[in-house]
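In case you want the letters, here they are:
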Amino acid sequence: DYNEQCPYSLSPVSIKSQKLLRSPRKATRKISKIPFKVLDAPELQDDFYLNLVDWSAQNVLAVGLGSCVYLWSACTSQVTRLCDLSSDSNTITSVSWSERGHQLAVGTQHGYVTVWDVAASKQVNKLQGHSARVGALAWNGDVLSSGSRDRLIMQRDTRTPSQVPERRLAGHRQEVCGLKWSPDNQYLASGGNDNRLYVWNQHSSTPVHSYSEHMAAVKAIAWSPHHHGLLASGGGTADRCIRFWNTLTGQPMQCVDTGSQVCNLAWSKHSSELVSTHGYSQNQILVWKYPSLTQVAKLTGHSYRVLYLALSPDGEAIVTGAGDETLRFWNVFSKARSQKENKSVLNLFTNIR
């Protein structure tokens, strides 16, 4: 009875289905395969353990190139040099903007961290204490966490005099290369070259969660801004997986093998999607839907592994950096949150605070 309206049709497909097949598909979001801007970044290091690019709430990009930190204003395209450590025979190993974007923390090869008031172009603090290079930095209000090759995570108040006592978190057995505070500033996730992912709270000196499922260094770490307690992490060359964790219960969730070294992860601010950047062998940038983990886009163009990633303050664009000494800007996320996503069951989780 599939064709009762048209008994002489030779098609096994009913009229209704034919109509459906002919109707235009709901447009899936088009993501441009080419960057909308490419900047030269001479001396941008091809070192997996460093974090040399960050984009501020005030729309300024900070980049560590050799012994200098440069600032690029996305509004004016003006470039300024913030600092030069060559007189100290030192190099930049990490940069991180404070939440408001008025201060920049700079980690160095020698192990000290400097804090800069960017409007005044002035160093306002110098934090000693690490005995080796600082490759990872993460702000929580005025408190700065730093992760080092000396295996320690230090948490220090950047105000002078400091109002919060210093904390030292010892747990990693090799270099700390990933560090991110949760959106509510309650939990710190850290990844290391010991293939470990730890989650720390504000008070304890031991991790509240310890994950050993990754088979390679964990540099890529990102907390979901949409689902309270959801953490994503990515492993290096011997692992290649992105894993998802419910840190409220400690339970492991999805896992996807990406086929190459995972260098960075970042969630969209507006929709339940995330972007990952990769190394050997394709040096690609992938955009995923969550929780289905369907791939929305694959972007290529870097000729070295895509070691650096930052999200624009409006949440629409990303910048990627690589040892090919280029910074590439891509439009990957849509601005508006779709109606459908607003009603999604996942977002019910957000209301549980």
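Residues numbered from 1 in each chain as written. Predicted model: local features only at pLDDT ≥ 70, side-chain atom pairs only at ≥ 80, totals over all residues. Heavy atoms only, no water.

Draft legend 1. A look at the environment of V60. Inspection of the secondary structure assignment puts V60 in strand β3 (residues 60-65). V60 sits in the buried class, given a relative accessible area of 18%. On a C-alpha basis, the gap between V60 and S77 in space is 9.3 Å, while along the polypeptide they are 17 residues apart. Here V60 is in contact with D54, W55, L71, W72 and W97, once residues within four sequence places are set aside. (Helix = DSSP H or I, 4+ residues; strand = E, 2+ residues; numbered from the N terminus. Buried < 20%, exposed > 50% of the residue type's maximum accessible area, 1.4 Å probe, protein only. Contact = heavy atoms within 4.5 Å.)

Draft legend 2. The arrangement of the UniProt feature "repeat: WD" (unreviewed entry) in the protein chain in detail. Here the UniProt feature "repeat: WD" (unreviewed entry) sits at residues 85-126, 169-210 and 299-340. The span residues 85-126 shows a helical share of 0% and a strand share of 52%, and its end C-alpha atoms are spaced 13 Å apart. Between the end C-alpha atoms of residues 169-210 the distance is 13 Å, and the span holds 0% helix and 45% strand. (UniProt positions renumbered as here; feature names shortened; annotations may be inferred.)

Draft legend 3. Seen up close, the sheet that holds strand β23 (residues 273-278). Spatial strand order, β22-β23-β24-β25: four strands in an open sheet with antiparallel pairing. Both outer strands of the open sheet, β22 (262-267) and β25 (295-299), are each paired with one neighbouring strand and no more. With direction set aside, neighbouring strand axes in the sheet form an average angle of 15°. Relative to strand β24 (residues 285-289), β23 is paired through five bridges, and the arrangement is antiparallel. Bridge pairing links E273 to K289 in β24. (Pairing = 2+ DSSP bridges. Axes fitted to C-alpha atoms, helices over the stretch in contact; angles between N-to-C directions.)

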